[in-house]
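# Structure assessment
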Amino acid sequence: MVAIPTLPQLDVMLIHQESFYVLDGYQVNLGVLSLATVLNQQKYSVKILSNIDLYMLRNINLQHIFRGYRPRIVGFYTMTDNIHHVVRLAKRIKAWSPKSVFVAGGPLASALGSSVAQSFPFDFIIKGEGEYSLPQLAKYIIHHQGSLDSIPGLIYRDGSAYREGAPAQYITDLDALPDPDRNLVPRTLRLNISSGRGCPNSCTFCFQAVHGKGYRFRSADRVFQEIASNIDKCGYRAFDIIDDTFVAEPDRVLRFCDLLREYRQRTKRDFIWYCEARVDTLSQHPELIQAMKETGLIRLQVGIESGDNETLRRYGKRLDLTKLRDLCQLVNEIDGISIFGNFIIGGPYETEESLAKSRQLLKDLLYTAPGLFEANTGFLAPYPETPIGRRPDLFGLTVEDDEYLTSVTPEDCYCSTPELTRPQLRRHRYEFLTEMFSTMTKMLPTIGKKRLMQHFYWFKVYNTQTRWLNGVMQPLPAVSSYFRHYDNPKFRELDKISPLEVGEWIPLRTIAPLQYDRSDWENYLLEGSYEDMPISDPLEKDIYALSVGKLNIKEIMQELRRRHDLSMSDPVLWNKYVRPMFKRLEDHFQVIFHE
């Protein structure tokens with residue numbers, strides 16, 4: 001046995017793990033980084049394991065880390081889509097470092113409270129923002145000072161039950177928080193920035209439980225100082241402001257642009273940036289768009305969700321579609337900014353008519369800002385503690401997959417409506433995207449070369465990709481991500497896994513979205529390899545669908561046994577059905593296995 005070196009005991013290890021599909025364009029989890037920075041300032045030793053770290057580390061490496069550091073506190077960022085990953089890793093860490101205290105935070109912990117512990121017995125759960133709560137908890141655990149009941153937002157285990165301490169308190173003065181210490185995480189190509197928390201709006205599908213109601217923002221000067229400091233130190237060429245409502249305070253945006261403009265002129269630095277915005281604010285303050293463009297804005301994202309006014313009303317989204325068209329016309333006139341719109345498929349009481357209106361709106365906007373407007377669409381996910389998640393029936397929705405076991409949200413359909421089944425909604429999403437790309441392709445000859453070349457320039461100089469580039473102008477061959485994973489020792493071919501440990505390995509589809517047969521939307525037709533692979537057998541369909549990195553092979557066989565009422569032994573099920581199917585998938589480069 002290899003001796004594991006004993007290191008100085010670590011106070012806090014913070015972990016953010018997502019699906020290994022979430023790697024391209026990796027960005028730091030700013031919530032986790034903020035917690036680590038505050039703890040570090042208060043003299044606690046702290047480390048972060050990000051998703052990119054976990055992608056590069058085999059289980060044996062992780063075992064050495066946790067047995068070496070023996071962290072007093074292990075904290076997990078939890079959300080609906082990563083809880084299976086969190087639970088699996090938490091169980092392993094518990095075996096490697098049994099004296100560690102386990103804490104859950106993040107959106108899912110804030111939404112579910114003690115219910116999040118049904119899948120793993122966390123010792124503590126923090127609801128809401130943790131920059132003040134987690135240091136107090138560390139003080140209690142490490143220095144035996146303070147009381148649990150006084151810590152805001154804390155839920156703690158008391159025997160087999162959980163007790164709640166003081167209510168969560170939200171940080172009103174965000175400028176009082178230190179800038180995130182980016183030395184604690186791997187370097188990224190782009191700098192992501194949080195300039196505020198919360199949202200002044202109340203969309204029925206949106207989850208804001210972590211940050212409470214209302215919008216709190218950092219001053220323009222503090223946001224600028226953080227950006228300038230990181231550009232000076234690290235030479236970033238691009239930064240992303242990730243707030244949903246960055247432009248909610250127009251005067252702050254104009255002040256920020258003044259500071260950024262003076263900085264560009266003084267330092268001669270060349271960089272671009274991205275932000276999200278609301279249509280109503282930009283419509284009332286069109287001067288913001290020109291000011292942002294002059295300081296390097298090249299990409300703007302807006303939430304559209306639907307082209308049907310009644311659906312928008314049910315979302316609680318105050319969007320005037322006329323003003324949206326006017327905004328796209330303004331972007332077209334200004335030029336130099338790509339505008340990206342989000343649509344949702346499968347909303348409240350969704351119908352053929354409402355979806356037809358969304359497709360028509362999409363085409364209208366493509367022609368309003370040719371070569372600049374682009375869009376994406378995903379399926380509605382009924383997240384916990386959103387109005388839709390609490391009472392989907394009031395929105396005409398039947399939830400048919402509330403655990404998201406077969407896909408990474410929002411890549412599959414989880415709900416049906418009175419008029420549209422899940423297969424029908426899947427078809428509509430496919431038709432939406434197909435129509436978008438075919439329309440964009442038809443438009444290419446009518447768009448000036450100068451405008452189109454911007455997309456190549458943004459990618460070459462600033463590593464900023466658009467759908468006009470990737471989906472239309474630079475069509476790529478079939479993605480063969482199998483080989484990208486293949487070079488990583490964490491991943492392995494089936495025949496190279498020991499039969500004694502194969503049940504613990506996790507199958508991962510090389511193409512993340514489920515590939516449906518578009519003639520019926522019930523069966524699968526796997527493309528992107530040397531030949532198409534149809535799958536219609538119910539058992540084989542489930543083997544493929546469950547290979548999304550959430551369940552290991554042993555758990556998949558348990559799920560198959562439950563779904564299909566199978567009584568055969570593991571060896572028989574494995575050798576007769578599961579292994580042959582995995583071999584077929586592997587032969588078509590559709591699945592690979594990781595620890």
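Residues numbered from 1 in each chain as written. Predicted model: local features only at pLDDT ≥ 70, side-chain atom pairs only at ≥ 80, totals over all residues. Heavy atoms only, no water.

## Comments concerning the packing of helix α7 (residues 220-234) against helix α8 (residues 250-267)
Heads up, the condition is: In this analysis an axis means a line fitted to C-alpha atoms, helices contributing only their contacting stretch, and an angle means the value between N-to-C directions, from 0 to 180 degrees. Elements are defined by DSSP. Helices are runs of H or I of four residues or more, strands are runs of E of two residues or more, and each kind is numbered from the N terminus. Here the word oblique covers every angle except those under 35 degrees (roughly parallel), over 145 (roughly antiparallel) and from 65 to 115 (roughly perpendicular). Working rule for handedness: look at the near helix, and if it is turned counterclockwise from the far one by less than a right angle, call the crossing left-handed; if clockwise, right-handed. Contacts are assigned to residue pairs that have any heavy atoms within 4.5 Å of one another. Residues are grouped as follows: Ala, Val, Leu, Ile, Met, Phe, Trp, Tyr, Cys and Pro are nonpolar; Asp, Glu, Lys and Arg are charged; every other residue, Gly included, is polar.
Put simply, α7 and α8 touch, their axes get as near as 9 Å, and they point 30° apart. One finds that α7 runs roughly parallel with respect to α8. The element α7 and its partner α8 pack so that their crossing is right-handed. Residue-level contacts link Ala 220, Asp 221, Val 223, Phe 224, Ile 227, Ala 228, Ile 231 and Asp 232 of α7 to Arg 252, Arg 255, Phe 256, Leu 259, Leu 260 and Tyr 263 of α8. Of the residues contributing to the contact of α7 with α8, the split by class is ten nonpolar, no polar and four charged.

## Details of the sheet that holds strand β18 (residues 491-492)
As a reminder of what qualifies: Only when DSSP finds a minimum of two bridges between them are two strands counted as paired.
Read across the sheet, three strands follow the order β18-β22-β19 without closing on themselves; strand pairing throughout is antiparallel. Each of the sheet's edge strands pairs with one partner strand only, and the pair in question is β18 and β19 (506-509). Two elements, β19 and strand β22 (residues 591-594), share four bridges in a ladder whose sense is antiparallel. Of the residues in β22, the one forming a bridge with Leu 508 is Ile 592.

## Observations concerning helix α10 (residues 287-294)
What counts, and what does not: Whether a residue is buried, partly exposed or exposed follows from its accessible area with a 1.4 Å probe, protein chains only, as a fraction of its type maximum: under 20%, in between, or over 50%, in that order. The directions from the helix axis to the C-beta atoms are what the arc is built from.
The complete set of buried residues in α10 reads Leu 288, Ile 289, Ala 291 and Met 292. Considered in projection along α10, the buried side chains sweep an arc of 165° and stay on one side of the axis. For α10, the secondary structure elements touched by its buried residues are α8, β12 (272-277), α9 (279-284), β13 (297-305) and α12 (321-334). Looking at the residues trailing α10, positive phi occurs at Gly 296, about 115°.

## Quick notes on helix α16 (residues 449-462)
The test is simple: In this scheme, a helix's expected span is set at 1.5 Å multiplied by one less than its residue total.
Here α16 spans 20 Å end to end across 14 residues, near enough to the 20 Å set by a 1.5 Å rise per residue. All of the buried residues in α16 are Arg 451, Leu 452, Gln 454, His 455, Trp 458 and Tyr 462. Positive backbone phi, approximately 55°, marks Asn 463, located one or two places after α16.

## Observations regarding the pattern of salt bridges
To be explicit about the condition: The salt bridge definition used is simple: a Lys or Arg side-chain nitrogen within 4 Å of an Asp or Glu carboxyl oxygen.
By the definition in use, this model includes 52 salt bridges. Measuring nitrogen to oxygen at the nearest pair gives 2.7 Å for the salt bridge that ties Asp 123 to Arg 157. Of this pair, Asp 123 sits in the loop between α5 (107-112) and β5 (124-126) while Arg 157 sits in strand β6 (residues 154-158); the two residues are 34 residues apart in sequence, bridging distant segments of the chain. Within this structure, Asp 179, Arg 182, Arg 218, Arg 222 and Glu 226 form a network of salt bridges that share partners.

## Digging into the environment of Ser 19
Residue placement: Ser 19 occurs in the loop between β1 (12-15) and α1 (30-41). Here Ser 19 falls in the buried class, since its relative accessible area comes to 5%. Put simply, Ser 19 and Lys 550 are 531 residues apart on the chain and 8.0 Å apart in space, counted from C-alpha to C-alpha.

## Some thoughts on the sheet that holds strand β11 (residues 238-241)
As summarised here, the arrangement of the six strands in space is β8-β11-β12-β13-β14-β15, forming an open sheet in which the pairing is parallel. Two strands in the sheet have a free side with no partner beyond their single neighbour: β8 (191-193) and β15 (373-379). Sheet twist, expressed as the mean angle between neighbouring strand axes with direction ignored, is 20°. Looking at chain direction, β11 and β12 are connected through four bridges and run parallel. Bridging from a neighbouring strand, Ile 241 pairs with Cys 275 of β12. α7 contacts β8 and β11 of the sheet and is inclined by roughly 170° relative to β8.

## Quick notes on the layout of surface pockets
Our working rule: Whether a set of points on the 1 Å grid over the protein atoms alone is a cavity depends on a 1.4 Å probe fitting there but being unable to get out, while an open set qualifies as a pocket with protein on both sides within 12 Å along at least five of seven lines; lining residues are those with an atom within 4 Å of a point. Grid points are joined across faces, edges and corners, and a volume is the space filled by probe spheres set on the points.
Considering only enclosed or pocket space, the second largest pocket measures out at about 790 Å³ in volume. Taken together, 30 residues line the second largest pocket, and the ones lying closest to its centre are Ile 83, His 84, Val 87, Ser 119 and Glu 403. Of all the elements, helix α4 (residues 83-96) adds the most residues to the lining of the second largest pocket, at six residues. For the lining of the second largest pocket, the residue count by class is 13 nonpolar, seven polar and ten charged.

## Notes on the pairing of β1
Neither face of β1 is open: one carries Val 12 and Leu 14, the other Met 13 and Ile 15, and all of them are buried. Pairing of β1 with strand β3 (residues 73-77), which is carried by four bridges, proceeds in the parallel orientation. Paired with Met 13 across the strands is Val 74, a residue of β3. Summarising the sheet, β1 and strand β2 (residues 46-49) pair through four bridges and their orientation is parallel. In the sheet register, Leu 14 faces β2, and the bridge partner there is Ile 48.

## Thoughts on the pairing of β13
When a strand is regular, its side chains alternate between the sheet's two faces. For β13, a buried count of eight out of nine residues is recorded, marking the element as mostly surrounded by other parts of the structure. Summarising the sheet, β12 and β13 pair through five bridges and their orientation is parallel. Bridged to Cys 275 within β13 is Leu 300. Relative to strand β14 (residues 338-345), β13 is paired through six bridges, and the arrangement is parallel. Paired with Glu 305 across the bridge in β14 is Phe 343.

## Let's talk about the nonpolar core
Put simply, the rule reads: In this description, a nonpolar core means a group of buried Ala, Val, Leu, Ile, Met, Phe, Trp, Tyr and Cys residues linked to one another through side-chain atoms lying within 4.5 Å.
Core analysis: the largest hydrophobic core is formed by 63 residues, its most contacted members being Phe 239, Phe 256, Trp 273, Met 292 and Phe 373. If sequence neighbours within four positions are ignored, Phe 373 has contacts with Ile 304, Cys 328, Ile 339, Gly 341, Leu 362, Leu 365, Leu 366 and Trp 468. Counting 38 residues, the second-largest nonpolar core is a separate cluster that includes Leu 10, Leu 57, Val 74 and Ala 117.

## Here's the deal with the side chain of Asp 401
The criterion, for reference: The positive count covers Lys and Arg only, the negative count covers Asp and Glu only, and His and the chain ends enter neither. Any pair of N or O atoms that falls within 3.5 Å is considered a polar contact. Within protein, one atom must be able to donate a hydrogen and the other to accept it, and sequence-neighbouring residues count only if both atoms are side-chain atoms.
Here Asp 401 shows up in the loop between β16 (398-399) and β17 (415-416). No salt bridge is formed by the buried Asp 401. Its closest oppositely charged neighbour is Arg 422, at 4.4 Å. In this structure the side chain of Asp 401 is engaged in a polar contact, spanning 3.0 Å, whose partner is the backbone nitrogen of Tyr 404. When near neighbours in sequence (up to four residues on either side) are disregarded, Asp 401 contacts Thr 406, Tyr 414 and Arg 422.

## So, the packing of aromatic side chains
What counts, and what does not: Note on aromatic pairs: the rings of Phe, Tyr and Trp (six-membered ring only in Trp) are paired at centre separations within 6.5 Å, and the planes decide the class, stacked below 30 degrees, edge-to-face beyond 60, tilted for the rest. The criterion is that NZ of a Lys, or CZ of an Arg, lies within 6 Å of the ring centre and within 35 degrees of the ring normal, and then a charge sits over that ring.
Summed over the entire model, instances satisfying the criterion amount to 27 aromatic pairs. Both rings, one in Phe 76 and one in Phe 122, keep their centres 6.3 Å apart while their planes meet at 65°; by these two values the pair is edge-to-face. Here the residue Phe 76 occupies a position in strand β3, and Phe 122 occupies one in the loop between α5 and β5, the gap between them amounting to 46 residues. Per residue, the accessibility class of Phe 76 equals that of Phe 122, and both read buried. The interplanar angle of 10° and the centroid separation of 5.6 Å between the aromatic rings of Phe 239 and Trp 273 together place this pair among those described as stacked. You can see Phe 239 sitting in strand β11 and its partner Trp 273 sitting in strand β12, a full 34 residues away along the chain. The buried category is assigned to Trp 273, whose relative accessible area is 0%. Pairwise contacts between aromatic rings join Phe 224, Phe 239, Phe 246, Phe 256, Tyr 263, Phe 271 and Trp 273 into one cluster. When the ring centre of Tyr 236 is taken as origin, the NZ or CZ atom of Arg 187, which lies over that ring, is 4.4 Å away. Lying across the ring of Tyr 544, Arg 509 places its NZ or CZ 5.3 Å from the centre.

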